[in-house]
Amino acid sequence: MKDFLDLADLSDERLDTVLRLARELEARPVGDALRGRTVGLLFMNPSVRTLASMQAAVTQQGGQTFVVTPGSGSWKMETRSGAVMDGEAAEHVSEAIPVLAQYADLLGVRCFAEGRNLDHDLEDALIHTMARLCPKPFVNLESARAHPCQALADWKTLDDLAIPRKGGRFVLSWAWHPKALPYAVPSSALEMAARRGMDVTVLRPDGFALPAAVMDRAKAIATRSGGSIVETCDRELAMSGAHALYAKSWSSSAFYGQPAEEAALRAPLRNEWCVRESWFKPSLPDARFLHCLPVRRNIKVADEVLDGPRSVVIRQAGNRMHAQKALIIEMLGGNKT
Ligand code: CP
């Protein structure tokens, strides 16, 4: 496997290998599996967890990283094909990616959705183009439609908590956010839970159905794995018997790229769609709360949930490091003993 652009790039066998190795590395984090290896990290957008966890993962296994953040200490970069570069961007990814690849054994790239054209963003063409430009192994650190490293960590988190694969009930819930957000995390979380064979419910208000392309893909995965996916606006129905609630905000697909119209649709949902303890009935004392972070407290999720015993957001973030460490070692064929 040269590229990890999507969870689907890992066969079932390889996914099991990465998850098993991630568990081993959690118990024994320091080693020399990446000694002499260099991982390049290109962040076109901000990050806390992805950047820090990639650096920590590589360093703890004896490797090194370099980080390029276009526009803050590095040249601004153009990504559009055929662009006339008379604006602020001094460099094009067409040169930057193969140049950086010469300095690294593996390149990780973050490049978010443009947020203008839904079909274009859901095609996720840019991350695939960048991977093709890279002659070395390439890892998607969040693109327009996928955040597969987050999905790997989320899978491990559910395993850690002994939340069942088959028969586990996973709720992916929309939550209010002041901005229209992309589909990368909800799409990858949905595919992760579907591939685990879970019974998945997408809970969201009217007007915020996930795009058909996202749902259809996840439903096909669920069919293969023996899981299921339904969508509802009914919170009580969605939360019935839930093992895990994964909160995330996403844009209305009807008004994608139209911020004023989208904001008007979202505005009245502010209070009702902040996750609170009352969402979890007394019948769900053990249901867990997941979020990829960063999270806006008391906007998307109330303190009482984030600070309470059902929240596993810190464990999730910790698993980013274990999962990515395992992934990189697997991709680079490092010494695993
Ligand atoms: N969850 C996640 O990717 O966090 P960052 O945006 O901080 O990297």
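The coordinates are above.
Just so you know, these numbers come straight off a predicted model, no measurement behind them.

**Description of the side chain of aspartate 121**
So, point 1. Relative to the elements of secondary structure, aspartate 121 occurs in helix α4 (residues 118-123).
So, point 2. Despite its burial, aspartate 121 pairs with no opposite charge, the nearest such side chain being arginine 116 at 7.7 Å.
So, point 3. Excluding anything up to four places from it in sequence, aspartate 121 contacts Ala113, Glu114, Gly115, Arg116, Ala144, Arg145 and Tyr256.

**What about the sheet that holds strand β10 (residues 228-232)?**
So, point 1. One open sheet holds the 5 strands; their spatial order is β10-β9-β8-β11-β12, and the pairing between them is parallel. Of all strands in the sheet, those bounded by a partner on one side alone are β10 and β12 (288-290). Taking each pair of neighbouring strands and ignoring which way they run, the sheet shows an average axis angle of 20°.
So, point 2. Of the pairings in the sheet, the one linking strand β8 (residues 169-174) to strand β11 (residues 244-248) comprises 5 bridges and is parallel in character. Counterpart to leucine 172 in the pairing with β11 is tyrosine 246.
So, point 3. Taken strand by strand, helix α8 (residues 212-225) contacts β9 (199-203) and β10, and its axis lies near 145° from that of β10.

**Some words on the sheet that holds strand β1 (residues 3-4)**
So, point 1. One open sheet holds the 5 strands; their spatial order is β1-β7-β6-β2-β3, and the pairing between them is parallel. Every interior strand has two partners, whereas the edge strands, β1 and β3 (64-68), have only one.
So, point 2. Taken strand by strand, helix α5 (residues 125-133) contacts β1, β6 (106-110) and β7 (138-140), and its axis lies near 165° from that of β7.

**Focus on the pairing of β9**
So, point 1. In terms of residue burial, β9 counts as a mostly covered element, since 4 of its 5 residues are buried.
So, point 2. The pairing of β8 with β9 spans 5 bridges and is classified as parallel. Bridge pairing in β9 links serine 173 to leucine 203.
So, point 3. Taken together, the 5 bridges between β9 and β10 define a ladder with parallel strand orientation. Directly across from leucine 203, in β10, lies its bridge partner threonine 232.
So, point 4. The parallel pair β9 and β10 is bridged by α8, and the resulting crossover is right-handed.

Calculation notes
- Residue numbers restart at each chain and count upward from 1, following the sequence in its written direction.
- Note on the predicted model: pLDDT of at least 70 is required for a residue's local features to be given, and 80 or more for side-chain atom pairs to be given and counted; whole-chain, interface and lining totals, by contrast, use all residues.
- As a convention, hydrogens and water are excluded, and side-chain values are obtained from all of the structure's heavy atoms.
- Runs of H or I in DSSP of at least four residues are treated as helices and runs of E of at least two as strands, each being numbered from the N terminus.
- Only protein chains enter the accessibility calculation, which uses a 1.4 Å probe; a residue whose area is less than 20% of its type maximum is buried, one above 50% is exposed, and one in between is partly exposed.
- Two residue types count as positive, namely Lys and Arg, and two as negative, namely Asp and Glu; His and chain ends fall outside the count.
- Any Lys or Arg side-chain nitrogen located within 4 Å of an Asp or Glu carboxyl oxygen qualifies as a salt bridge.
- By the convention used here, residues are in contact when the closest approach between their heavy atoms is within 4.5 Å.
- DSSP bridges decide pairing: two strands pair if at least two such bridges lie between them.
- For every element, the axis is a line fit to its C-alpha atoms; helices are fit only across the contacting stretch, and the angle between N-to-C directions ranges from 0 to 180 degrees.
- Here is how to tell: hold the view so the strands point away, follow the path from the first strand over the helix to the second, and if it runs clockwise the crossover is right-handed.

Structural measurements only, silent on function.
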